[in-house]
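# Architecture at a glance
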Amino acid sequence: MHRKIPDFLGQGFFLKVDLTMDRIKRIFKIISKLLFNRIIYVVIAVVLQVGWSVMLAMRLAAYSAYINVAISIGSILIIFLVLNREMNPSYKLLWTLLILGLPVFGLVVYLLAGESKRYSIIQRKYSHAIELSAWNTEEDPETRNRLKRVNANANRQSQYIRNVAKAPVWQHTTAEYFRLGDDLFPVLVEELRKASHFIFMEYFIINEGYMWETILEILVQKVKEGVDVRLIYDDFGCMTTLPVRYYEKLRGFGIRCEVFNPFRLIANIVHNNRDHRKLCIIDGYVAFTGGINLADEYINRRHRFGNWKDTAVLLKGDAVWNMTEMFLQMWTTVCHDAPDDSIDGFRPHTWHPDPFPGEGFIQPFGDSPLDNDEVGENVYLSILSQAQKYVYIC
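Computed from a predicted structure; not experimentally measured.

### Structural notes on the environment of Tyr298
- Inspection of the secondary structure assignment puts Tyr298 in the loop between strand E6 (286-290) and strand E7 (312-317).
- Distance from Tyr298 to Lys309, taken between C-alpha atoms, is 7.5 Å for residues 11 residues apart in sequence.
- Aside from chain neighbours lying at most four places away, what touches Tyr298 is Gly181, Asp182, Ile205, Gly291, Ile292, Asn293, Trp308 and Asp310.
- At a separation of 3.0 Å, a polar atom in the side chain of Tyr298 contacts the side chain of Asn293.

### A closer look at the pairing of E7
- In this structure, strand E1 (residues 173-178) lies alongside E7, joined through six bridges in antiparallel fashion. Residue pairing in the sheet places Glu176 in a bridge with Leu314 of E7.
- Sheet topology note: the E6/E7 ladder contains five bridges and is antiparallel. By the bridge assignment for E7, Phe288 is matched with Leu314.

### Section: the nonpolar core
- With 46 residues, the main nonpolar core has Trp212, Ile215, Tyr233 and Phe288 as its most contacted residues.
- Ranked by the residues each element gives to this core, the list is headed by helix H10 (residues 210-224), at eight residues.
- In this structure, Phe198, Met326, Ile343 and Phe346 belong to the second largest nonpolar core, which totals 24 residues.

### Section: the layout of surface pockets
- Size it by volume and the largest pocket reaches roughly 1,700 Å³.
- Lining the largest pocket are 41 residues, and of these Val313, Phe365, Val379, Tyr380 and Ile383 lie nearest its centre.
- Secondary structure elements with two or more residues in the lining of the largest pocket: helix H8 (152-165), E1, E6, E7, helix H12 (320-334) and helix H13 (375-386).
- Of the residues assigned to the lining of the largest pocket, the class counts are 23 nonpolar, 12 polar and six charged.

### Details of the packing of aromatic side chains
- Counted under the stated rule, the structure contains 10 aromatic pairs.
- Relative to Phe356, the ring of Tyr285 has its centre 5.9 Å away and its plane inclined at 35°; by these criteria the two rings are tilted. A residue pair is termed long-range when its members are at least 10 positions apart, and Tyr285 in the loop between strand E5 (279-282) and E6 and Phe356 in the loop between H12 and H13 qualify at 71 residues.
- With a centroid separation of 6.1 Å and an interplanar angle of 45°, the aromatic rings of Phe305 and Trp308 are classed as tilted.
- With relative accessibility at 18%, the residue Trp308 sits in the buried group.
- Following the ring pairs from residue to residue traces out a cluster consisting of Phe198, Phe200, Phe327, Trp331 and Phe346.

### Some thoughts on the pattern of salt bridges
- In this structure the tally under the stated criterion is 16 salt bridges.
- Salt-bridge contacts for Glu191 lead to Lys194; the nearest nitrogen and oxygen are separated by 3.3 Å. With Glu191 and Lys194 both in helix H9 (residues 181-194) and three residues apart, this pair spans about one turn of that helix.
- You can call Glu191 buried: its relative accessible area is 6%.
- Its relative accessible area of 49% is what places Lys194 among the partly exposed residues.
- A salt bridge links Arg274 to Asp234, with the shortest nitrogen-to-oxygen separation between them at 3.0 Å. Taken together, the residues span a long stretch of sequence, with Arg274 in the loop between strand E4 (256-260) and E5 and Asp234 in strand E3 (residues 228-234) at a distance of 40 residues.
- For Asp234, a relative accessible area of 0% translates into the label buried.
- Three or more residues joined by partner-sharing salt bridges are found here, namely Glu139, Arg144 and Arg162.

### Description of the sheet that holds E7
- Within the open sheet, the seven strands sit side by side as E1-E7-E6-E5-E2-E3-E4. Their pairing is mixed. At either end of the open sheet lies a strand with only one pairing partner, and these are E1 and E4. In this sheet, adjacent strand axes meet at a mean angle of 10° when their direction is disregarded.

Conventions used here
Residues numbered from 1 in each chain as written. Predicted model: local features only at pLDDT ≥ 70, side-chain atom pairs only at ≥ 80, totals over all residues. Heavy atoms only, no water. Helix = DSSP H or I, 4+ residues; strand = E, 2+ residues; numbered from the N terminus. Contact = heavy atoms within 4.5 Å. Polar contact = N/O pair within 3.5 Å; in protein donor to acceptor, adjacent residues only side chain to side chain. Pairing = 2+ DSSP bridges. Core = buried A, V, L, I, M, F, W, Y, C linked by side-chain atoms within 4.5 Å. Buried < 20%, exposed > 50% of the residue type's maximum accessible area, 1.4 Å probe, protein only. 1 Å grid on protein atoms, 1.4 Å probe; cavity = no way out; pocket = protein on both sides within 12 Å on 5 of 7 lines; lining within 4 Å. Points joined across faces, edges and corners; volume = space filled by probe spheres on them. Nonpolar A, V, L, I, M, F, W, Y, C, P; charged D, E, K, R; others polar. Phe/Tyr/Trp six-rings, centres within 6.5 Å; stacked < 30°, edge-to-face > 60°. Salt bridge = Lys/Arg side-chain N within 4 Å of Asp/Glu carboxyl O. Axes fitted to C-alpha atoms, helices over the stretch in contact; angles between N-to-C directions.

See below:
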């Protein structure tokens with residue numbers, strides 16, 4: 001005699017099998033992502049290099065007396081080299097103390113970080129880009145005099161930023177503050193859709209998801225409309241969020257894409273020099289900046305660590321020029337092409353001939369480990385030292 005299995009048992013069985021297979025697929029996907037992640041290969045490369053160094057040290061232990069003399073001589077020569085280099089005096093002091101206090105460790109670290117050819121190449125290209133745009137740092141004398149009359153302390157700090165960061169102060173600019181990425185995103189999308197001439201974007205992290213796919217769809221459409229679309233993303237920041245050679249896909253859409261400081265399988269501290277900027281410049285007179293990257297957690301569509309709190313600012317007006325110039329300097333640094341012949345085509349009034357509103361003072365500026373001056377740190381310290389009633393830090 002055969003007993004018929006009730007339908008609901010069969011359905012339950014197949015449901016359980018489907019759920020198990022779905023779980024297996026997810027596990028397999030996670031394992032595949034780990035295996036093909038560039039971080040795994042970087043970790044393996046670093047472990048191999050450290051292991052090789054330890055093995056070499058053990059083999060040379062028998063010659064320790066001679067090695068100690070060689071290290072002492074090498075340390076003295078390196079210190080002379082450090083003292084004669086053009087760098088921040090505080091860096092010279094740190095290198096000298098490190099090499100004198102821990103000769104072996106100090107020499108290894110200096111050879112990895114202080115004498116990197118890649119660092120020198122990046123520094124040379126960035127310095128050249130600054131020189132090319134140096135003549136664009138002129139500011140309106142009346143704006144400077146007006147700031148001096150309004151607040152002498154603020155004027156002195158502003159002059160420091162202008163002289164060191166090559167960033168003039170501006171008026172005729174409005175600023176809108178966004179307390180969350182949730183508030184920023186719809187405005188960013190709206191402004192991108194209105195772009196008619198160029199879009200410049202520079203971000204540390206881009207992650208495939210709703211936010212980036214929405215923006216990418218707009219960028220591809222803008223390319224078809226003849227808009228000059230350029231994108232710089234940081235290779236380390238996107239190491240776990242974008243596929244390898246993702247820039248090739250974007251170039252296939254017509255987007256001019258470059259990668260900042262590509263990560264290679266070598267132990268070199270120059271990899272710590274990253275591009276953490278978040279810039280979006282549209283037609284020369286609209287610009288976004290702040291702490292919000294192009295990933296779903298920044299607009300709370302994905303909850304990795306609970307509710308994500310980051311802020312942003314939208315500028316419209318003359319002060320956007322500083323941010324445009326910052327982007328073009330970085331573009332010249334990372335791009336293999338020659339710099340743009342006519343930088344004036346990206347100025348705020350090129351595509352917006354009418355005057356901008358706004359009577360306050362706005363001075364966007366950037367900082368870099370390549371300019372041997374801690375502009376951002378010094379500005380913050382100045383703000384703290386001049387505070388008389390309160391300082392709010394978020």
